[in-house]
Amino acid sequence: MTAPEQDSDSLSIAVLDRAGVIVGVNEQWQRFCLDNGGDPDACGIGASYLDVCAAAGDDPVARYAVSMIRKALLGELSTPATVLTPCAAPGTTGWFDMRVVSRIDDSGACEGALVCFSERLDLGRLRPRTNGSSLPSPTRPEPMSTTVADPRELLTFPDVPRLELEETLTQLTERAADVLKAQGRLRELLRANALVTADLKLEVVLRRVVHAARDLVGAKYAALGVLGEDGLLDQFVHAGMPPEQIDHLGRPPVGEGILGLLVDEPGPVRLRDVSIDPRAIGFPGGHPAMTSFLGVPIRVRGTVFGNLYLTDSERGEFSDEDEQLVTSLARTAAVAIENARLYEDSERRRRWQGVTTDATQALFAGGNDRPLHVVLEGARQGAEADAAIFADLDDEDVVTAEIVVGELAEELTGRNAHAKLSTLEPVLRHGTPLLIESYRRREVDPPLEIPIASLIAVPMLRGQRVVGAVVALRFQGRRPFDHTDVEQLEAYVGHAAVALELNQSRADQEALAVLREHQRIAADLHDHVIQELFATGMALQGMVYRTEDPRDQANLVEFVDAIDATIRRIRTTIFRLNRAPYGGGSLKERLLSVVEDARPALGFTAHAEFSGPLDQAVPEELADHVVAVAREALSNAARHAAARSVRLRVTLAEELLTLDAIDDGRGIGTPTRSSGLANLERRAKECDGTLEILDRDGGGTHLRWTAVVRYDR
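Quantities reported herein were computed from a predicted structural model and do not represent experimental measurements. (Residues numbered from 1 in each chain as written. Predicted model: local features only at pLDDT ≥ 70, side-chain atom pairs only at ≥ 80, totals over all residues. Heavy atoms only, no water.)

J.: Any chance you could break down the overall build of the protein for me, citing the residues and the numbers?
T.: Within the protein, the regular secondary structure consists of 19 helices and 23 strands. The buried share of the protein, taken over its 713 residues, is 46%. In the protein, the proportion of contacts linking residues at least 24 apart, taken out of those at least 6 apart, comes to 60%. Summing over all exposed atoms, the protein offers an accessible surface of approximately 36,800 Å²; the carbon and sulfur share of this is 51%. (Helix = DSSP H or I, 4+ residues; strand = E, 2+ residues; numbered from the N terminus. Buried < 20%, exposed > 50% of the residue type's maximum accessible area, 1.4 Å probe, protein only. Contact = heavy atoms within 4.5 Å. Areas by Shrake-Rupley, 256 points an atom, 1.4 Å probe, with all protein chains shown as cover.)

In structure tokens form, the structure reads like this:
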């Protein structure tokens, strides 16, 4: 900026840099200094003009002049300020107008100041006295005082206290503006605190904290990263980005770079430009560019719950005042978060108590042929999970999702993996509860297309033996499980296991009473019905040879075969009626146990038929294969067929054992996983047999598995 508009021949001009050092003077300044006995070294190029001002002494006009110069050096005087100053230079009237203005470059930055002096000829002369001092001028400062020379000087003398008063009023105005500004920001902080503490739902509180912090300091983007048990970000709540941009970014950050800095060293972090900080790792593709950054941790009971991240201040960069305001808001947020967590915990315990009561009553009521479904549905509701699974570990160390309720039940049912590759191995082998806050970060499972985000699992015990695991899943976009969820699920499954045991004990008592009645009925069938049918069959068979009509002979043979088939079915029924509740060690009893075990998954009892000396002629090793094949066949029917009936028929004729599993479901289709069928085929090959999967006319599947009985095995 050039000097103020005036005749340049009458102006003495000095150019100051930002530190107040004289970096240039014009010819009039130099001539005035030399003509009036001034020292060029004291008030010329290279001298500090602030020191020149300080040499003027403690004079109110001098103090005001110094304050104007300092404002100009800070870039706060875009228009010239004029100060009437006395001067001790001989040969002058003693009065000068000192004009001060900031030097602003083309970019708007302050480069320093311009100081100009011009003599006032309309105010008379200023008489020197011996007890005063003069103001800074291009001459060497010398002690002097002023007296009134004529009446005109009386009009100028009040300018000194007036300037001091103006300076005081200016300072008061600036301080009042600062106070009003501070009060405004404090009111904004109070409003933000009120907004944050107005709700008890944790997810709502977190969203309000983010929006309140963003509005409080004028940030373009704001986010809150919640830390998990592993110290990484498990939840990321943000504001400022449009939804389409969020979708383009993909998965949320896990706490690296600048975000990880607050995780490793919790404390406020303020940066002028985050993009050039050496600790930054860059932004992913599609991420908006960000400059200024402010991060503040939120501590709940001395532990870092999460971190507030604010970027792109509307004032260019965040100030110390912004940091203090956000830190204060973080303290209020910590209290609100703690209250929300306590409220959520009480609500969670109340919900678990309700589902435990409902499930126990349903199990005790009896008549429910799918008790595990009741247990899983209660677990899903209590954990607010998207799906619940009952998984078990078979003799071949394969973990299988036997029963699934909730979302994606059809896709998850039947999923299996070897125990060494499954996260559920410690639960099923050792009964250890499991919490996985971020499922996608684990690398021990086979890749799944199911969008699992968080998982908890607890063992189901029968006495001290683990019979399976109850698993609760939350899909992506949901808040992860925590240790309280694990504790509540473990308590619920423990109550459910006791209810199942008590229900089973009652069922056993009822079964024992039924067994006694069955034995009575079986005895009657054996002693009367079978004997009578056998006698009738023998009589009919004798008539075959006494009749000469071929048609009558064929009919009689057909009647005899029908009676034989009826006798076989009655004998199977008698065997079942005489069977103990838990079966014994014979092949038929083991197969009937498999049928009973499959009843909860099927929703009904499969029909079983046996033919041939199965208990006497089938070796133990082959019997194990037959039982495993029957279990897999019924399990497949339960998972995939959606059948209304299943027929299991096991026949031994000479040396060929045949197992047929026939259902009226929707057919096997094209299975996406063939591990179960592969096991059946492998067993058939080991027994010199075959496996066939046939589609039935009218719908359904016919599974036929054969094996050759080697009596010398």
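J.: So what about unusual backbone geometry? Which residues, and what values?
T.: Although it is not a glycine, Leu408 sits at a positive phi angle of roughly 55 degrees. By the element assignment, Leu408 lies in the loop between strand 14 (398–406) and helix 12 (409–412). With relative accessibility at 29%, the residue Leu408 sits in the partly exposed group. Backbone geometry places Asp688, a non-glycine residue, at a positive phi of 60 degrees. By the element assignment, Asp688 lies in the loop between helix 19 (675–686) and strand 22 (691–695).

J.: Residue-level account of the nonpolar core, with values.
T.: In terms of nonpolar packing, the biggest core is built from 40 residues, with Leu622, Leu657 and Trp705 touching the most fellow members. If you list the elements that add at least two residues to this core, you get helix 16 (587–602), strand 19 (607–611), helix 17 (614–617), helix 18 (620–641), strand 20 (646–653), strand 21 (656–663), helix 19 and strand 23 (701–708). Apart from the residues within four sequence positions on either side, Leu657 is in contact with Leu614, Val618, Leu622, Val626, Val650, Thr651, Leu652, Trp705, Thr706, Ala707 and Val709. In terms of nonpolar packing, the next biggest core, distinct from the first, is built from 35 residues, Val237, Ala239, Val300 and Leu310 among them. (Core = buried A, V, L, I, M, F, W, Y, C linked by side-chain atoms within 4.5 Å.)

J.: Tell me about the pattern of salt bridges, and name the residues and values.
T.: This structure, assessed with the given rule, holds 27 salt bridges. Between Arg301 and Glu338 there is a salt bridge, with the nearest N and O atoms lying 3.0 Å from each other. Pair noted here: Arg301 is in the loop between strand 11 (293–300) and strand 12 (303–313) and Glu338 is in helix 10 (residues 320–365), with a separation of 37 residues, a long-range link. The partner of Arg351 in a salt bridge is Glu384, with the nearest N and O atoms 3.6 Å apart. (Salt bridge = Lys/Arg side-chain N within 4 Å of Asp/Glu carboxyl O.)

J.: Residue-level account of the pairing of strand 14, with values.
T.: Counted residue by residue, strand 14 has seven buried out of nine residues, so it is predominantly covered. Direction of pairing for strand 13 (residues 387–393) relative to strand 14: antiparallel, over a ladder of seven bridges. Across the sheet, the residue bridging to Ala391 is Ala401, located in strand 14. What sits between the antiparallel neighbours strand 13 and strand 14 is a turn of four residues, in which Asp397 has the positive phi angle 60 degrees. Here strand 14 runs beside strand 15 (residues 416–418); their pairing, made up of three bridges, is antiparallel. From the neighbouring strand, Val398 faces strand 15, where its bridge partner is His418. (Pairing = 2+ DSSP bridges.)

J.: Please set out the sheet that holds strand 13 residue by residue, giving values where relevant.
T.: Strand order in this open sheet of six strands is 15-14-13-18-17-16, and the pairing throughout is antiparallel. Strands at the two margins of the open sheet, each flanked by one partner only, are strand 15 and strand 16 (434–436). Taken pair by pair, the neighbouring strands of this sheet meet at an average axis angle of 20 degrees, ignoring direction. Of the strand pairs in this sheet, strand 17 (residues 452–462) and strand 18 (residues 465–475) are connected by 10 bridges, and their pairing is antiparallel. Looking across to strand 18, one finds that Arg462 is bridged to Arg465. Helix 11 (residues 371–382) rests against strand 13, strand 14, strand 17 and strand 18 of the sheet, and its axis sits at about 70 degrees to strand 14. (Axes fitted to C-alpha atoms, helices over the stretch in contact; angles between N-to-C directions.)

J.: Could you give me a rundown of the pairing of strand 23, with the residues and numbers involved?
T.: Taking burial as the measure, the eight residues of strand 23 include seven buried ones, the bulk of the element. The sheet contact formed by strand 21 and strand 23 spans eight bridges and is antiparallel. Residue pairing in the sheet places Asp660 in a bridge with Arg704 of strand 23. Where strand 22 and strand 23 come together, five bridges link them in antiparallel fashion. For Asp695, the partnering residue across the bridge sits in strand 23 and is Thr701. As consecutive antiparallel partners, strand 22 and strand 23 are separated by five residues, and within that stretch Gly698 has a phi angle of approximately 90 degrees, a positive value.

J.: For a nonpolar patch on the surface, give the residues involved together with the corresponding values.
T.: Where nonpolar side chains cluster on the molecular surface, the patch consists of Phe364, Val498 and Leu502 and spans about 260 Å² of accessible area. Tracing the sequence through the fold places Phe364 in helix 10. (Patch = residues over 30% accessible without salt bridge, like charges linked within 9 Å, V, L, I, M, F, W, Y side chains within 5 Å.)

J.: Go over the sheet that holds strand 2 (residues 22–25), please, and point to the residues and values.
T.: Strand order in the open sheet made by the five strands is 2-1-5-4-3, with antiparallel pairing throughout. Every other strand in the sheet has two partners, leaving strand 2 and strand 3 (81–86) as the edge strands with one partner each. Across this sheet, the average inter-strand angle for adjacent strands is 25 degrees, counted without regard to direction. Pairing of strand 4 (residues 95–104) with strand 5 (residues 110–119), which is carried by nine bridges, proceeds in the antiparallel orientation. Counterpart to Phe96 in the pairing with strand 5 is Glu119. Packed on one face of the sheet, helix 1 (residues 27–35) meets strand 1 (12–17), strand 2, strand 4 and strand 5 and runs near 110 degrees to strand 1.

J.: If you had to explain helix 16 to someone new, which residues and values would you point to?
T.: Taking 1.5 Å per residue, 16 residues should reach 22 Å; helix 16 reaches 22 Å between its end C-alpha atoms and fits that length. All of the buried residues along helix 16 are Leu587, Glu589, Leu591, Leu592, Ser593, Val594, Val595, Ala598, Pro600 and Leu602. Backbone geometry just after helix 16 places Gly603 at a positive phi near 90 degrees. (Expected span 1.5 Å × (residues − 1).)

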